[in-house]
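Here are the chains, one letter per residue:
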Amino acid sequence: MTQPGEAKTNGAKPHQDMIGGGYVRNAWYVAAWSDGIADGQLVARTIMGEPIVLYRKADGNVAAIEDRCAHRFAPLHMGKIVGGDRIQCPYHGLEFDGTGACVKNPHGAKTIPPRARVKGYPAVERHKAVWLWMGSAPADASKIPNFSVLDNVPELHTTKRDSIVIKANYQLIIDNLLDLSHTSYLHEGILGNADTVDSEITCEQDGDDVVVGRHATNSAPPGMFAQFWPNHPPRVDKFTKMRWMAPSTLRLFTGICRMGTDPETGTGYHAIHLLTPENERATHYFFTAVRWGVQTTEEKLNRDLQAKVAEMRRFAFEEQDAPVIEAQQRVIEEAAAPLDPVILAVDVGCVRYKRILGKMLQVEQR
Ligand code: FES
Ligand SMILES: [Fe+2]
């Protein structure tokens, strides 16, 4: 993406800036919500084009190994867990442990051929999700992005831990999430409205994180927020702060408060967006939300709001964001020549994160 006033990059591969450029591999990516991997279950997932199977070992820890048997390449997720810790291939019964090593060959002299192994992925459960390290550098659990807002909160204040697949490159989804202006159009009436268009968008860099904010004063509370606050005043301040944490997770702090007061005195939710590339053209999108400053005390009302927030957000992502992002992907892919997007004031966060991500991609490619 070129800056306003900057020259176009000649010789760049078509579309590379927007939907190409590969992945930052030496990083943690969410493969599943923790409650998405039950005991005894084999969960298949493609990440960065690599087939992976996840399961719980006898001690409860999650293991993740290549989902492609070393013998005739049968998908291991079609097999079964044996002896508590191993997957038995469905085709000829080779058994692999949680590191990907073949530990049993039931055939012939029963020796294990040296090449009989599949790739293993370091897996850590944190913040109610299963994170995989996709790179070849040593896995460092301290680099898992901070989603502690998900820890130690009442389930009633948390929405369903949900996910969808969007048929688009992960960067188009980051572009969408860091662009706070689109809520006033794509999600009008649900997450934004015309009152929020004029407010200034701020952008700051915090280490390698990019934080984009918007504070709309004297605004009618958008639908979802109005329900958090029985007897809310007719006009409020609405605020949003979206933090991007490389390579592809985002945490949003949003809500409403009395006009001119400290946002933290209001009510709203933390929204969690975890993006994991399935491949260059598809992305696993894991999401949930946690309410803060909860003012509604009645259990039934909170249960209704919990379901409503989950449904509204899924609707916004699946029915409003995804169709536009997927269409963008197609339009960009089909372009005959490199595209150079016009930059608006609302793109400030997008320009900033692409610079940081671009550097990380360059470092890995070296
Ligand atoms: S394909 Fe797995 S044992 Fe033959
Ligand atoms: Fe959106």
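None of the values given here were measured: they were computed from a predicted structure. (Residues numbered from 1 in each chain as written. Chains lettered and ligands numbered in written order. Predicted model: local features only at pLDDT ≥ 70, side-chain atom pairs only at ≥ 80, totals over all residues. Heavy atoms only, no water.)

## Observations regarding the coordination of the iron ion (ligand 2)
Surrounding the iron ion (ligand 2) are the protein donor atoms His182 (NE2), His187 (NE2), Asp321 (OD) and Asp321 (OD), which sit 2.1 to 2.3 Å from the metal. Given four donor atoms and angles of 56 to 146° at the metal, the environment of the iron ion (ligand 2) is assigned as irregular. Donor residues binding the iron ion (ligand 2) come from one chain and are separated in sequence as H-x4-H-x133-D. You can see histidine 187 sitting in the loop between helix H2 (170-178) and strand E13 (201-206) and its partner aspartate 321 sitting in helix H4 (residues 299-334), a full 134 residues away along the chain. This pair shows no difference in class: histidine 187 is buried, exactly as aspartate 321 is. (Donors = N, O, S within 2.8 Å, 3.2 Å for Na, K, Ca; no water. Tetrahedral: all angles 85-135°; square planar, octahedral: opposite > 155°, others 65-115°. Helix = DSSP H or I, 4+ residues; strand = E, 2+ residues; numbered from the N terminus. Buried < 20%, exposed > 50% of the residue type's maximum accessible area, 1.4 Å probe, protein only.)

## Brief notes about unusual backbone geometry
In this structure, proline 247 follows alanine 246 across a cis peptide bond, with omega equal to -5°. Within the element layout of this structure, proline 247 appears in the loop between strand E15 (236-245) and strand E16 (249-257). The phi torsion at asparagine 218 lies on the positive side, around 55°, for a residue other than glycine. Looking at the element boundaries, asparagine 218 is found in strand E14 (residues 209-219).

## Some thoughts on the domain arrangement of the chain
For an interface, size is often stated in terms of accessible area lost upon the parts coming together. When the domains of the chain are assigned, the result is domain 1 (37-123) and domain 2 (148-365). Inter-centroid distance (C-alpha atoms) of domain 1 to domain 2 is 37 Å. Taken together, the contacts link five residues of domain 1 with six residues of domain 2. Taken together, both faces of the contact between domain 1 and domain 2 bury some 400 Å²; the carbon and sulfur share is 61%. On the surface where domain 1 and domain 2 come into contact, there are four residue pairs in polar contact (both at pLDDT 80 or more). Looking at the side of domain 1 that touches domain 2 residue by residue, the class counts come to two nonpolar, two polar and one charged. (Domains from an automatic or database assignment. Contact = heavy atoms within 4.5 Å. Buried area = accessible area lost by both parts, 1.4 Å probe. Polar contact = N/O pair within 3.5 Å; in protein donor to acceptor, adjacent residues only side chain to side chain. Nonpolar A, V, L, I, M, F, W, Y, C, P; charged D, E, K, R; others polar.)

## What to know about the pattern of salt bridges
Applying the stated criterion across every chain, the model contains 17 salt bridges. The partner of glutamate 50 in a salt bridge is arginine 25, and the shortest N-O contact between them spans 2.9 Å. Of this pair, glutamate 50 sits in strand E3 (residues 50-56) while arginine 25 sits in the loop between helix H1 (16-19) and strand E1 (28-33), placing them 25 residues apart in sequence. In this structure glutamate 50 comes out as buried when scored by relative accessible area, which is 17%. With a closest N to O distance of 3.3 Å, glutamate 155 and arginine 161 form a salt bridge. Assessed through its relative accessible area of 18%, arginine 161 is described here as buried. Salt bridges linked by common partners bring Asp35, Lys128, Glu155 and Arg161 together as one network. (Salt bridge = Lys/Arg side-chain N within 4 Å of Asp/Glu carboxyl O.)

## Let's talk about the layout of surface pockets
The computed volume of the second largest pocket comes to approximately 390 Å³. Considering the residues around the second largest pocket, the lining is formed by 20 residues, among which Asp175, Asn176, Asp179, Gln328 and Asp347 are closest to the centre. No other element matches the five residues that H4 contributes to the lining of the second largest pocket. Classifying every residue of the lining of the second largest pocket gives twelve nonpolar, four polar and four charged. (1 Å grid on protein atoms, 1.4 Å probe; cavity = no way out; pocket = protein on both sides within 12 Å on 5 of 7 lines; lining within 4 Å. Points joined across faces, edges and corners; volume = space filled by probe spheres on them.)

## Thoughts on the side chain of aspartate 237
As for its position among the elements, aspartate 237 is in strand E15. This buried residue, aspartate 237, is left without a salt bridge; arginine 235 holds the nearest opposite charge, at 8.7 Å. Of note is the side chain of aspartate 237, whose polar atom sits 2.5 Å from the side chain of threonine 217. Dropping the residues within four chain positions of it, aspartate 237 is found in contact with His215, Ala216, Thr217, Asn218, Gly255, Ile256, Cys257, Arg258, Met259, Gly260 and Thr261. (Lys, Arg positive; Asp, Glu negative; His and termini not counted.)

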